[in-house]
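Spelled out, the chains give:
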Amino acid sequence: MTNDVRTLEWTGDGLRLLDQTVLPGRVEYVVARDVGTLVDAIRRLVVRGAPALGVAGAFGVAVAVLQAAREGWDDAARDAAIAEVREARPTAVNLAAGVDRVLPFVAKGADAVAAEAQALLDEDVRGNRAIGAFGADWILRRVGDRPLRVLTHCNAGALATAGWGTALGVVRNLHERGRVEMVYADETRPLLQGARLTAWELDRAGIPCVVQADGAAPSTILRGLVDVAVIGADRIAANGDTANKIGSVGVALACREAGIPLVVAAPWSTVDPALPDGTGIPIEERPADEVLAWGGARTAPEGVDAFNPAFDVTPARLVTALVTETGVLEVSAGTTPARFRA
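Since the structure is predicted, the reported quantities are computational estimates derived from the model, not experimental observations.

### Observations concerning the UniProt feature "binding site: substrate" (unreviewed entry) in the chain
So, step 1. Per the UniProt record, "binding site: substrate" (unreviewed entry) is found at R48, G49, A50, R89, Q193, N244 and K245.
So, step 2. Mapping A50 onto the fold places it in helix α2 (residues 50–71).
So, step 3. Sequence-distant contacts of A50, that is, excluding residues within four places in its chain, are made with A92, N94, A160, A233 and D234.
So, step 4. Within the secondary structure, K245 is located in strand β9 (residues 242–245).
So, step 5. Leave out the neighbours within four places in its chain, and K245 touches H153, C154, T188, R189, P190, Q193, A310, F311 and D312.

What follows is the structure, encoded as structure tokens:
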């Protein structure tokens, strides 16, 4: 993704968000100058992806502070609005972490909060670049220094971060080295973040790609058409269990059966050391109409309900490598985040 489109940007009195719900057909923006607009944007996936949510949460505190001053709120009302931002989506730990990071600056005013949020944004971009380099180096050592066929699930690119991307940051780094033959982008039901967003980013970057149905991914892997799968993460437990977009577990199981690496690329802030394993990761359940309808038209019979978990949890034993901005942990071999920090 070129630098002419930014996922999120502070305007001085609000947060400007690239509206990912209308891509790739239109490039539009939502400007959140109040907490209600920002929370709605987070819940509707105008802004999405764990790292981007962390930055949005941090700037959301500045939005709340400005709104409190503008509307004459007391501290309790301001703090309740900040809590609403923090809790807008439950699975991605980065959202809460971004809010928590800037809380010490609230007493100094909105400008101080926004400055710290901008520092978080800048760190995310630098960290993503490091993730891309570490991940590409590890993959080429493990799989071979040659053009590779890569599979990815959902969107963990520049659109899911402050810039460059995590999983797609690895792919972009490989592409810069001339080491990408093809990317299989899972369409990622039910909201098609792979077809709409990942393919859009890859196409803009000139990286060869095809979109496939989620159900095709295990077969593509088992047919020997994929050399490595690279995915992102929304929360990682201390033992390396990884929450990512629903459908990731199927990719992981196929990778194990085929004997190819499953690489998880995420910033260290996605690791939740308070969770010993993935059983404690809350799984967000989203509205039924995301599954039961498309384009405003119902696709399932009236009276039939939906089960719509947004995420699944891949057990650590299926995660070959976790790539962060600090390096690579070979999780399935026993180098877990908890052991690394010990």
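### Description of the environment of A96
So, step 1. Within the secondary structure, A96 sits in helix α4 (residues 93–102).
So, step 2. Taking the relative accessible area as the measure of exposure, A96 reaches 15% and is therefore buried.
So, step 3. C-alpha of A96 to C-alpha of R86: the two residues are 10 residues apart in sequence and 4.9 Å apart in space.

### Some thoughts on the domain arrangement of the chain
Quoted interface sizes are often the accessible area lost when the parts come together.
So, step 1. Domain assignment breaks the chain into domain 1 (8–123) and domain 2 (132–341).
So, step 2. Once you take the C-alpha centre of each, domain 1 and domain 2 turn out to be 25 Å apart.
So, step 3. On the domain 2 side, the residues contacting the 24 residues of domain 1 number 26 residues.
So, step 4. In total, domain 1 and domain 2 occlude about 2,000 Å² of area from one another, counting both sides; carbon and sulfur atoms represent 56% of this.

### What to know about the sheet that holds strand β6 (residues 209–212)
So, step 1. The strand order β6-β5-β4-β7-β10-β15-β16 describes an open sheet built from seven strands, whose pairing is mixed. This sheet does not close on itself; its edge strands, each paired only once, are β6 and β16 (327–329). On average, adjacent strands in this sheet sit at an angle of 25 degrees to one another, irrespective of strand direction.
So, step 2. Alignment of strand β7 (residues 228–231) against strand β10 (residues 262–265), held across three bridges, turns out to be parallel. Bridge pairing links I231 to V264 in β10.
So, step 3. Packing of helix α5 (residues 110–143) onto the sheet brings it into contact with β4 (148–152), β7, β10, β15 (321–324) and β16, and relative to β15 it is tilted by some 150 degrees.

### Thoughts on the nonpolar core
The nonpolar side chains of a soluble globular protein tend to be buried, and buried together.
So, step 1. One finds L15, L17, F59 and V61 to be the most contacted residues of the largest nonpolar core, which totals 41 residues.
So, step 2. Contributions of two or more residues to this core are made by β1 (8–10), β2 (15–18), β3 (29–32), α1 (35–43), α2, α3 (75–86), α4 and α5.
So, step 3. Here the element with the most residues in this core is α2; it accounts for 12 residues.
So, step 4. Residues Y184, I221, V226 and L262 belong to the second largest nonpolar core, which totals 25 residues.

### Remarks on α5
So, step 1. The end-to-end C-alpha separation of α5 is 48 Å, in line with the 50 Å expected for 34 residues at 1.5 Å each.
So, step 2. In the segment just after α5, G144 is the residue with positive phi, at about 125 degrees.

### Quick look at the sheet that holds β2
So, step 1. If you trace the three strands from one edge of the open sheet to the other, you get β1-β2-β3, paired in antiparallel fashion. Every interior strand has two partners, whereas the edge strands, β1 and β3, have only one. Within the sheet, the average angular offset between the axes of one strand and its neighbour, ignoring direction, is 20 degrees.
So, step 2. Relative to β2, β1 is paired through three bridges, and the arrangement is antiparallel. Each bridged residue has a counterpart across the sheet, and for W10 the counterpart in β2 is L15.
So, step 3. Lying on the sheet, α2 is in contact with β1, β2 and β3; it crosses β1 at an angle near 30 degrees.

### Overview of the UniProt feature "site: Transition state stabilizer" (unreviewed entry) in the chain
So, step 1. Residues annotated in UniProt with the feature "site: Transition state stabilizer" (unreviewed entry) correspond here to C154.
So, step 2. Positionally, C154 belongs in the loop between β4 and α6 (167–176).
So, step 3. We classify C154 as buried; its relative accessible area is 8%.
So, step 4. In this structure, C154 is in contact with R48, D186, T188, Q193, G194, T198 and K245, ignoring residues within four places of it in sequence.

About the cut-offs
- Residues numbered from 1 in each chain as written.
- Predicted model: local features only at pLDDT ≥ 70, side-chain atom pairs only at ≥ 80, totals over all residues.
- Heavy atoms only, no water.
- UniProt positions renumbered as here; feature names shortened; annotations may be inferred.
- Helix = DSSP H or I, 4+ residues; strand = E, 2+ residues; numbered from the N terminus.
- Contact = heavy atoms within 4.5 Å.
- Buried < 20%, exposed > 50% of the residue type's maximum accessible area, 1.4 Å probe, protein only.
- Domains from an automatic or database assignment.
- Buried area = accessible area lost by both parts, 1.4 Å probe.
- Pairing = 2+ DSSP bridges.
- Axes fitted to C-alpha atoms, helices over the stretch in contact; angles between N-to-C directions.
- Core = buried A, V, L, I, M, F, W, Y, C linked by side-chain atoms within 4.5 Å.
- Expected span 1.5 Å × (residues − 1).

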